[in-house]
Amino acid sequence: MKLKLGRKIEVDLYGVISRSEPSLDEIAQSTSELLDGIDDIDRISDMLVEEITELRQHLRKKLAAERRKGARIDASIGIGRVEVDYARDTGPVLALEYVREDLRVHRTEFMVQSTTEIDEAFEDIREELLWHSAQLTELESIGAVGQVHPLLVHAIRQRDLPLEATLRSIYQNDDQSQSIHLENDANIVVYWKAGALTGTFRVGDDVRFQECRIRLGAGRKSVPASATGREIAEVVNLADPLPQGVRIKAVRKGYDEGQELVVEATPIPFDAQGKLIT
């Protein structure tokens, strides 16, 4: 049931009936609880309207200030859906929609009670928000929606998966982490880090990649520290050569055996259809 409190503030009040075919007594009980919830909202409606009006005025100024800095963000304050059991505890809800680490817009909601809490909410996300907003704006200028690590592109092609369709499917899925299940230890786990799509997967016998590190098994030839700065393809020889443009940033000892090579590379932009932009 939608309740209009005034000044375009609405409450969507609802109750829950546990069974798909409730008895008349259960329907009567649910109706009674809904009426109680309406009474609870009515008793605090004037206070809610006053609080939300004040918070909205502050939010408008805050939002305008953040956007002038380049932030890709939208925000609103209202009440939204309220279950009857919690009607008496209803309060203002701040909804934020902003660019996150995957350079896609996500929504989050939480209750606020003061302008200070609004300021704190913006402060908590500001640094990363401005960075990711700038990344997305730059990518959009060349027709891109995201960017992908070159080694993930290599892994997708290595497994004879359709590159454009795979990137498009990953981008269209809102999950931050996704799995591509294949046979013979060829699985790929993909996730977003620092505004780029990367992952965890095997790239060769006893050679695995994770986020920004290549892990060499104990049976492989050791890589000297002097290899820092060199192309990984020149140092790690595989039957299916690794791509150019991925350089060794640091050489470390592995957590158990073998070695760990920290690598760096420029992510490759891609558009909404999964086509690489080079």
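Preceding this section is the structure that the text describes.
Here's a quick rundown of the structure. Treat the numbers as computed from the prediction; the structure is a model and nothing was measured.

Observations regarding the pattern of salt bridges
A side chain with one charge may pair with a side chain of the opposite charge, provided their charged atoms come close.
Move 1: Counted by the stated rule, this structure contains 17 salt bridges.
Move 2: Here Arg104 and Asp102 are joined by a salt bridge, their closest N and O atoms 2.9 Å apart.
Move 3: Taking the relative accessible area as the measure of exposure, Asp102 reaches 0% and is therefore buried.
Move 4: Sharing partners across several salt bridges, the network here consists of Glu66, Lys69, Glu123 and Arg126.

Remarks on the sheet that holds strand β1 (residues 2-6)
Move 1: Strand order across the open sheet formed by three strands is β1-β2-β4, with mixed pairing between neighbours. The open sheet is flanked by β1 and β4 (80-83), the only strands paired with a single partner. If you compare each strand with its neighbour and ignore which way they point, the axes differ by 30° on average.
Move 2: Pairing geometry for strand β2 (residues 9-14) and β4, over four bridges, is parallel.

Here we look at the packing of aromatic side chains
Move 1: Using the criterion set out here, one finds two aromatic pairs in the structure.
Move 2: A centroid spacing of 6.2 Å and a plane angle of 80° characterise the contact between Tyr171 and Phe270, whose relative ring orientation is edge-to-face. Pair noted here: Tyr171 is in helix α4 (residues 163-172) and Phe270 is in strand β15 (residues 268-270), with a separation of 99 residues, a long-range link.
Move 3: Ring plane angle 40° and centroid distance 5.2 Å describe the contact between Phe201 and Phe209, whose orientation is recorded as tilted. Here Phe201 and Phe209 have matching classes, each one buried.

Things to note about the pairing of strand β12 (residues 213-216)
Move 1: Inspection of the sheet shows strand β11 (residues 207-210) paired to β12 by four bridges, in the antiparallel sense. The residue bridging Phe209 from the neighbouring strand is Ile214, located in β12.
Move 2: Where β11 hands over to β12, the hairpin turn is made up of two residues, of which Glu211 adopts a positive phi near 65°.
Move 3: Bridging between β12 and strand β14 (residues 259-265) involves four bridges; their strand directions are antiparallel. Bridging across to β14, Ile214 finds its partner in Leu261.

A look at a negative patch on the surface
Move 1: Together, Asp36, Asp39, Asp42, Asp46, Glu50, Glu51 and Glu54 line one region of the surface with negative charge.
Move 2: When its relative accessible area of 41% is taken as the criterion, Asp39 is described as partly exposed.

Definitions and cut-offs
- Along each chain, numbering runs from 1 in the same order as the chain's sequence is written.
- Two thresholds apply to this predicted model, a pLDDT of at least 70 for residue-level local features and 80 or more for giving and counting side-chain atom pairs, whereas whole-chain, interface and lining totals are computed over all residues.
- Side-chain descriptors were evaluated using all non-hydrogen atoms of the structure, hydrogens and water having been removed beforehand.
- Salt bridges, as used here, are contacts in which a Lys or Arg side-chain nitrogen is within 4 Å of a carboxyl oxygen on Asp or Glu.
- Burial status follows relative accessibility: with a 1.4 Å probe on protein chains alone, a residue under 20% of its type maximum counts as buried, one over 50% as exposed, and anything between as partly exposed.
- For two strands to pair, DSSP has to find at least two bridges joining them.
- Helix and strand definitions here come from DSSP, where helices need a minimum of 4 consecutive H or I residues and strands a minimum of 2 consecutive E residues; each element is numbered from the N-terminal end.
- In this description, a line fitted to the C-alpha atoms serves as the axis of each element, helices being fitted only across the stretch in contact, and the angle between N-to-C directions of two axes falls anywhere from 0 to 180 degrees.
- Side-chain rings of Phe, Tyr and Trp, where Trp is taken by its six-membered ring, are said to pair if the distance between their centres is within 6.5 Å; with planes under 30 degrees apart they count as stacked, over 60 as edge-to-face, and otherwise as tilted.
- Patches were defined on residues exceeding 30% relative accessible area and lacking a salt bridge, with like-charge contacts within 9 Å and nonpolar side-chain contacts (Val, Leu, Ile, Met, Phe, Trp, Tyr) within 5 Å.
- Reported accessibility uses the Shrake-Rupley method at a 1.4 Å probe radius. Residues are deemed covered only where the shown protein chains occlude them.
- As used throughout, the charge tally considers Lys and Arg to be positive and Asp and Glu to be negative, leaving His and the chain termini uncounted.
- Charged groups are reduced to one reference atom each: NZ for lysine, CZ for arginine, CG for aspartic acid, CD for glutamic acid.

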